[in-house]
Amino acid sequence: MGFPSVSVPHPETLINRGRVFAQTDTLATLQGLGTVAADIRVETKGRISAGIGGGKYISRVGDYSAQVAADEVTLGEGDGAEWIAFGDDKTGASGAWELVGQDQPEFAQYGEYLPQLSKMRGGEPFSVGRAMSKSDYAAARAEENTDDQYALLNNIMGDASRLIIPEGKFYTSGVVSYQRVGQQIEGAGVESSKLVGTSETGAVLRMNDFFQKLKGITIDADATRMAATLGTNFGLLVEPADSDGAEAKMVDVSQILVRNQPGHGIGWVAGYYGGTLNNFKVERCGGHGFIGDNGTVTGRTYKRRLGGVDIKNGVIQDCVGHSVAIGAYGEDDNHAYRIKLFNVDQFRCALAAGVRKEVTCAYLVGENIDIELNAFNGYTYDPVPYIGQGARTVSCLTVGGRSINIDNNRFIDPSSYCVRVVDDAELSNRDINVGTFRLGLSAGDPIAIAILDASVNRLAVKVKNQDYFNFDKLKSSDTFVLADNTAMYIRFSDTVHGVITLGANVADRGSAVAHFRTGDANAFVNILSSTGPTVTGSVGAHSGTTGVDGQLTIAGRTDAAYLYIENRTGGSGSYTLEFDTKTEYVAEDVIFV
C-alpha cells in the first residue's frame, strides 16, 4: 500500500495530526519542515539528493549528528541520502529524517555501485546507509580488501527480510546467521558475490528457520581458514536452534558454490521437511561435500532425524570425506528418511580413512531414499593442487536401511564394487532395489555391481541384472595361486548351494566339478568329476593341513557360509574358479588361510 498524499503547508500540520503520512517534492521542501515530532512519515516523489531516487522517510528526534555528518553531500548542509537533517538544525543534533523505503535508484546516477547491499523492512527496500556508502562499497568490491564485514552483515540480518549481496568479496570472521522466518539472501551470482570465511571455527553462513532462502553466491575461505582442522566449520549449515521442537522447514538453497572449507561443505542437520538444494557445486572441502545428520555431527542436545530433503542438479568433487554422507548405521536414530539424491556428479571424494565412513564415494543410510541419475566415481586425486585423476582406490556407493531405490545411475571406475549394502539392525534392511545402471571401466578386471555384508538378508536386495550381482572376478576364470599345504575360502553372505568348477593349470594339482551347500546343518560337497590327484568333498574348516595329504579338498561348513579349497597335492598350483549358485546370495570375499 502506498503512502496517502497530504499537503504540508506548515510543520504544525504534521505535529498536530501526529503520525501523518505526507508527501514532498524535493530535499528543500523536506528540510523546510524544520524540527518535527518523532515518527512522522513523509514520502518524497522525486530525487532528493544526488544519485538517490524518491523514497519514504521517518522523523527521528534526538542527536543524529554523527549519522548526518557521515552521509551529507555538502559539508554542513545535512543533505545526505539516508540521513537528512531537520532544516533548522543542519548538524542533526536535534534530529533527522531517516530513509526507510527507497524507490529504485537511477542507474545513470549510481553507475557501478548498483546494486548496493540492501535490505527489506516492512516490505520496502532499505539501503544500508553509512555502513555501505558509495566509497565503502567501492572498497568492498576490491579484491585486495579484506576488511571484516561480519558485524555489518549480522546487523543487517537483525531486521531485514531480504539481503542483496552485490558483486565483490565480503569477509566475515564469524557466522552470518539468518535471524527469523522467511529471510532471504540473494547474491549477484556465483563467482560474483562471495562470502569469505576467515575464522578457523564455525560455519560461514547458517540458516535456521522456516521458509528461508539462499541464492546466487559463493561461500569460500581465506588461507587461514582453509588450513584449519576439520570440525563444525561448515561452509553452509542449515540447522535450527538447539531447543526442543525447533525446526527449519521449507528451506530453499539454489545456485551456490561452496569451496575450500576445512570442514563439511554443506550440512543439513536435525529435522526438516521440504528442504531443497538445487543447482549447486561443492569442491575442495576437508570433510564431506554434503552431510545430512540428526545432530550428532554438531553435538546437539535435541537431536532429530533428518527428513524430507531433495539434493539435485549439482557437482561434488575433491572432498576428503564422502561426496554425500547421510545418516550413519550404528548411531542411534541417525537414519534419514524421504531423501532424494538426483542428477549429481560425484567424483574424487572419500579420500581419507579418518574422515570417510566407508571406502565409497557416497554413503546413505535411512529409509525412503531415492538415488537416481547420479554419477559416482572411484578415482581419487593428488591432494596438491586438488586436480587430476589419481589411483582407482574407492568404490561407488554404500547404502543401508529400507525402501531404498537406486536407479539409472552411472558407476565409473570403482575399485571393487558399485553398491555395498551394510547391515542396519535398527532399520532391518529390506526393499533395497538396484535398477538400471551404467558401469564404466577404463581399465582393470570386471567388478561386482552389488555386495552385501555377511549379516544382510540377501532376499531384501534386488538387482535388475542378476548376472552382475556376484563378484565377476570369481565367475570369469580369474587365476589364483595356492601353495602346497595352504587353503582359501570364499565367504558368502548366507547359506548357499550350487555348482563349482575348479581347474588347475597343470594335471598333477587337481581339477574338479562339485555340487555343494554351505552355511547350515545340511552342508555338503559332492565331487561330480575330477582329474589328477584325488579331489575330496568334505565339511568343516580347513587350514592347509586339515585334509588328506596328497589330495585336493573342497569343503563347506555347517556354522558359516564358507566354501574352502585346500591344496595338499605336493606343490603350488595355479587355479581358475567358476561357480553357479542356485540361491541368490553373494560371494563377498576370497580369504587365504
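Quick caveat, the model's predicted, so the values are computed rather than measured.

(A) A look at the overall build of the protein. In terms of regular secondary structure, the protein is built from seven helices and 41 strands. Among the 593 residues that make up the protein, the fraction classed as buried is 54%. For the protein, long-range pairs separated by at least 24 residues make up 68% of all intrachain contacts whose partners lie at least 6 apart in sequence.

(B) Summary view of empty space enclosed by the protein. One pass over the full model with this rule turns up one cavity of 30 Å³ or more. Empty space within the largest cavity amounts to approximately 30 Å³. Every residue lining the largest cavity is listed: T172, S173, G174, V175, G197, T198, S199, T201, A203, V204 and R225. The class makeup of the residues in the lining of the largest cavity is three nonpolar, seven polar and one charged.

(C) Summary view of the packing of aromatic side chains. Using the criterion set out here, one finds eight aromatic pairs in the structure. Plain terms: the ring middles of F210 and F211 are 6.5 Å apart, the flat faces sit at 45° to each other, and that makes the pair tilted. Given the relative accessible area of 26%, F210 is considered partly exposed. Accessibility expressed as a relative area gives 49% for F211, which makes it partly exposed. For the pair Y562 and Y564, a centre-to-centre distance of 6.3 Å together with 70° between the ring planes defines the contact as edge-to-face.

(D) Examining the pattern of salt bridges more closely. Under the criterion given, the structure shown has 23 salt bridges. Three or more residues joined by partner-sharing salt bridges are found here, namely E191, K194, D220, R259, K281, E283 and R284.

(E) Seen up close, the pairing of strand β36 (residues 524-531). In this sheet, β36 lies alongside strand β35 (residues 511-518) in antiparallel orientation, the contact comprising seven bridges. Bridge pairing in β36 links H515 to N526. From the end of β35 to the start of β36, which pair antiparallel, there are five residues, and G519 there has a positive phi angle of about 110°.

(F) Molecular detail of unusual backbone geometry. The phi dihedral of E191 falls on the positive side, at around 70°, and the residue is not glycine. When you line up the elements, E191 lands in the loop between β11 (184-187) and β12 (193-197). Residue classification places E191 among the partly exposed positions, given a relative accessible area of 39%. Of note in this structure, R284 is not a glycine but carries a positive phi near 55°. Turning to its location among the elements, R284 is positioned in the loop between β18 (275-283) and β19 (290-293).

(G) Seen up close, a nonpolar patch on the surface. A contiguous nonpolar patch, built from V181, F211 and M250 and spanning about 280 Å² of accessible area, is present on the exposed surface. Looking at the element boundaries, V181 is found in the loop between β10 (176-177) and β11.

(H) Summary view of the environment of W97. With respect to the helices and strands, W97 occurs in strand β5 (residues 95-102). Expressed as a C-alpha distance, the spacing of W97 and V61, which sit 36 residues apart in the sequence, is 8.8 Å.

(I) Geometry of the pairing of strand β27 (residues 417-421). Of all the five residues making up β27, five are buried; the element is thus mostly covered by neighbouring parts of the structure. As paired strands, strand β25 (residues 395-407) and β27 are joined by three bridges and run parallel to one another. In the sheet register, L397 faces β27, and the bridge partner there is V419.

(J) Representation of the side chain of D79 in the model. Looking at the element boundaries, D79 is found in the loop between α3 (65-71) and β4 (83-85). Separated by 2.9 Å, the side chain of D79 and the backbone nitrogen of T74 make a polar contact.

(K) Layout of the state of the cysteines. All chains considered together, the criterion is met by zero disulfides. Looking at C285, it has no disulfide partner, and the nearest cysteine sulfur is the one in C319, 4.7 Å off. For C285, a relative accessible area of 2% corresponds to the buried category. Of all cysteine sulfurs, the one in C349 lies closest to C361, which takes part in no disulfide; the gap is 5.0 Å.

(L) Molecular detail of the environment of Y337. Examined against the element boundaries, Y337 turns out to sit in strand β22 (residues 336-349). When the C-alpha positions of Y337 and I369 are compared, they lie 6.4 Å apart, and in sequence the two are 32 residues distant.

(M) View of the confidence of the model for the protein. In this model, the protein carries an average pLDDT of 79, and 75% of its residues clear a pLDDT of 70 or more. Within the model, pLDDT remains below 50 along residues 47-53, and this stretch shows 24 contacts once partners closer than five positions in the same chain are excluded. Note on residues 467-477: pLDDT under 50 across the span, and 43 contacts to partners over four residues away in sequence or across chains.

(N) Structural context of the environment of S177. Within the element layout of this structure, S177 appears in strand β10. It is 8.8 Å that separates the C-alpha atoms of S177 and L153, two residues lying 24 residues apart in sequence. Residues contacting S177, with those up to four places away along its chain left out, are N154, M157, R206 and N208.

(O) Structural view of the side chain of Q346. With respect to the secondary-structure elements, Q346 resides in strand β22. Of the polar contacts made by the side chain of Q346, one reaches the side chain of S323; its length is 2.7 Å. Once residues within four sequence positions are removed from consideration, Q346 is found in contact with I316, S323, V324, L341, C361, A362, N374, A375, F376 and N377.

Cut-offs applied
Residues numbered from 1 in each chain as written. Predicted model: local features only at pLDDT ≥ 70, side-chain atom pairs only at ≥ 80, totals over all residues. Heavy atoms only, no water. Helix = DSSP H or I, 4+ residues; strand = E, 2+ residues; numbered from the N terminus. Buried < 20%, exposed > 50% of the residue type's maximum accessible area, 1.4 Å probe, protein only. Contact = heavy atoms within 4.5 Å. 1 Å grid on protein atoms, 1.4 Å probe; cavity = no way out; pocket = protein on both sides within 12 Å on 5 of 7 lines; lining within 4 Å. Points joined across faces, edges and corners; volume = space filled by probe spheres on them. Nonpolar A, V, L, I, M, F, W, Y, C, P; charged D, E, K, R; others polar. Phe/Tyr/Trp six-rings, centres within 6.5 Å; stacked < 30°, edge-to-face > 60°. Salt bridge = Lys/Arg side-chain N within 4 Å of Asp/Glu carboxyl O. Pairing = 2+ DSSP bridges. Patch = residues over 30% accessible without salt bridge, like charges linked within 9 Å, V, L, I, M, F, W, Y side chains within 5 Å. Areas by Shrake-Rupley, 256 points an atom, 1.4 Å probe, with all protein chains shown as cover. Polar contact = N/O pair within 3.5 Å; in protein donor to acceptor, adjacent residues only side chain to side chain. Disulfide = S-S within 2.5 Å. pLDDT = per-residue confidence, 0-100.

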